[in-house]
Amino acid sequence: MKEANIRALFIMILSVAGILVYCTLSKGHDWGGDFAAYIMQARSIFEGNPSKFIEENSFTMLQSSRKIGPIAYPWGFPALLSPLYGIFGINMIALKSIGAIFFLFYLCLLFIGFRKYHSSFWVLCLVCIFSLNPFLLEFLDNVLSDIPFLLFSTITVLLIGLLIIEKRQFISPICDNIVLGILIAIAFFVRTNGILLLLTLTSTQLFILIQRILTGQVANFSWSAVTRSHLSWNSKAVYSCLLAFLPYVSFLGLVLLWNGFFPDGGSSHMSYLSKISMHSIFYNLLYYAKLPADFFSMGIFGYLIYVITIPYVIKGLIIRYRSDYHIIIYVILTILLYIFWPERQGLRFLFPVLPFCVSFALIGMEAFQDVQDGSTKIKQFLRKKVSFLLIFFVISSFGIRSIRYAYLNIIHNREISIGPFTATSEKMFSFINENTKPESTVIFFKPRVMRMMTGRKSIIRDTAKGLSSGDYLCLKNEAGDQVSPKVIMYLSEHGAAQLIYENSEFKIYQLMKDHIYRSCGK
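Given the structure is predicted, the values throughout are model-derived calculations rather than measurements.

> Can you lay out the environment of Pro485 for me, pointing to particular residues and giving the numbers?
For Pro485, the position within the fold is in helix α19 (residues 485-493). Note on Pro485: relative accessible area 65%, which makes it exposed.

> Run through the sheet that holds strand β2 (residues 457-459), naming residues and quoting values.
On the basis of which strands lie adjacent, the open sheet formed by 5 strands has the order β2-β1-β3-β5-β4 and mixed pairing. At either margin of the open sheet sits one strand with a lone partner, and together these are β2 and β4 (497-502). If you compare each strand with its neighbour and ignore which way they point, the axes differ by 30° on average. Pairing analysis gives 3 bridges linking strand β1 (residues 441-443) to β2, with the strands arranged parallel. When the bridges of β2 are listed, Val442 appears paired with Ser458. Across the face of the sheet, helix α3 (residues 50-63) comes into contact with β1 and β2 while running at roughly 25° to β2. Against the sheet, helix α18 (residues 447-454) makes contact with β1, β2 and β3 (472-476), and its axis sits at roughly 165° relative to β2, the strand it touches most.

> Please set out the nonpolar core residue by residue, giving values where relevant.
In this structure, Phe35, Phe103, Ile129, Phe130, Phe295 and Met428 are the most contacted members of the largest nonpolar core, which totals 140 residues. The next biggest cluster of nonpolar side chains, apart from the first, holds 13 residues, and it includes Leu467, Leu473, Ala497 and Leu511.

> Pulling in residues and values, what's your account of the packing of helix α5 (residues 92-113) against helix α6 (residues 120-131)?
Packed helices, taken two at a time, are described by their axes: the angle between them and the distance between them. At their nearest, the axes of α5 and α6 sit 9 Å apart, and the two run at 160° to each other. The orientation of α5 with respect to α6, classified from their angle, is roughly antiparallel. Considering only the axes of α5 and α6, their crossing is right-handed. Seen from α5, the contacting residues are Phe103, Tyr106, Leu107, Leu110 and Phe111; seen from α6, they are Val123, Leu124, Leu126, Val127, Phe130 and Ser131. Class assignment of the residues belonging to the contact of α5 with α6 gives a composition of 10 nonpolar, 1 polar and no charged.

> Account for the packing of helix α9 (residues 173-190) against helix α11 (residues 236-261), naming residues and giving values.
Their axes nearest at 8 Å, the elements α9 and α11 cross at an angle of 35°. As α9 runs across α11, the sense of the crossing is right-handed. Contacts between α9 and α11 pair Pro173, Ile174, Asn177, Ile178, Leu180, Gly181, Ile182, Ile184, Ala185, Phe188 and Phe189 from the former with Tyr239, Leu243, Leu246, Pro247, Ser250, Phe251, Leu254, Val255 and Trp258 from the latter. Each residue belonging to the contact of α9 with α11 can be placed in one class, and the counts come to 17 nonpolar, 3 polar and no charged.

> Describe helix α13 (residues 300-320), and please don't skip the residues or the numbers.
For α13, which comprises 21 residues, the first-to-last C-alpha distance of 30 Å matches the rise-based estimate of 30 Å (1.5 Å per residue) to within 8%. Every buried residue of α13 is listed here: Gly302, Ile305, Tyr306, Thr309, Tyr312, Gly316 and Arg320. Of the surrounding elements, those touching the buried residues of α13 are α12 (278-290), α14 (325-340), α15 (354-370) and α16 (377-411).

> Before we move on, could you go through the environment of Arg456 and cite the residues and values that matter?
Its place among the elements puts Arg456 in the loop between α18 and β2. For the pair Arg456 and Glu439, spaced 17 residues apart in sequence, the C-alpha separation works out to 6.5 Å. In this structure the side chain of Arg456 is engaged in a polar contact, spanning 3.1 Å, whose partner is the backbone oxygen of Lys437.

Calculation notes
- Residues numbered from 1 in each chain as written.
- Predicted model: local features only at pLDDT ≥ 70, side-chain atom pairs only at ≥ 80, totals over all residues.
- Heavy atoms only, no water.
- Helix = DSSP H or I, 4+ residues; strand = E, 2+ residues; numbered from the N terminus.
- Buried < 20%, exposed > 50% of the residue type's maximum accessible area, 1.4 Å probe, protein only.
- Pairing = 2+ DSSP bridges.
- Axes fitted to C-alpha atoms, helices over the stretch in contact; angles between N-to-C directions.
- Contact = heavy atoms within 4.5 Å.
- Core = buried A, V, L, I, M, F, W, Y, C linked by side-chain atoms within 4.5 Å.
- Parallel < 35°, antiparallel > 145°, perpendicular 65-115°, else oblique.
- Left-handed = near helix turned anticlockwise from the far one by under 90°.
- Nonpolar A, V, L, I, M, F, W, Y, C, P; charged D, E, K, R; others polar.
- Expected span 1.5 Å × (residues − 1).
- Polar contact = N/O pair within 3.5 Å; in protein donor to acceptor, adjacent residues only side chain to side chain.

Here's what the structure looks like:
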């Protein structure tokens, strides 16, 4: 296939992906509180007062009946959102466009960065698998940091291979290694698990050093020579050491500079480590063993295709492990992190490893159809047909479902039936804005969303006694993390809770703290 035709096909695929992404974005959002925290952090950056967010969100986290998140997420993604917030405010399509743009850049990275692994046909298949994937396209309808991190982590892992293993040069060895450290820092600013990229770099460098020692390439090198004053700075050994440390220097320098501008808060994530147990580790092993099937979004057929692709992935690993051990290291570190991490949030945690796993599968599939083992032409023909039909089935089913989802979104005028931006939700928030004091505390099952929409202090409380911490209680039909209707009925009968607003989805009660104390026996 001519290069011009390959590029033309890629541009066509990218254009289709761009249209699908645009048509998939809705005006609303689900009830997940993470997106609200990101938007409020972006607002605090735009207003030049990040410390105010830390103070306000600390109240929510410390006063709620359970932990619902860190004091602050890493500031990288909010920094990307802040210009859009400054221009458009809480406009969900505008804020979601960050993820959409980064996703299109990610597709370009797949096409450019993986061409050395695949022939033209297979690299285009790789791009199609991600550009048409319904799970990823639907995920873009969220204000979350996963897609920007996916781009930065993928480009960093590829760059580690090019600079550290293959010894490629783009600008100069010094500039290239500084850029590598900067990219790791940027990934770390977006998501804290970006630190795994630094561990991947370290592991790759150590692996190369061990290889050289075992093969005798550094047999005559003396570490004590590095400390000798007469050693020339042009020495190859010293120069190599300096290059090896440059990514860490640029990473550390950028992190120190960044932390000088933004307050800490993300370290509160570490409190989740107290939940680690043998039970959680065992459960996570099973959970993440079957989770990649969600990538195919086909129910039982997704599990079947996932099982079918496992031998291909193993074959791809066997073919590439000598040259791509840095990728294998990163995949293993990422999976180990989430096996030990007690919280689970679905396939999004595995996004960083997906491009490499899919690439290994395609490498194995390509090797399967091209194997030369004396098989008859009929067997070789059948191998090619099986591989082609599997790829065709996956890509076509992805495309059909993604087109259908985008079409339904457009004909419904980008409106969704759940979340804080529905008509009933907006009426409830409007009532709170107009009928409560700014210093009031509202108890709600999604306190970060309540604060974002109304500016009121908000916490979760799910017991009768806990209601004494709030001025108002907003209940949503059939939602979790709330007191039961029986408790509310009991408090209402004893004058401790007065219904002041109701619509088809919400009820708002004004709480009488003294009455709650008496009703609960305090």
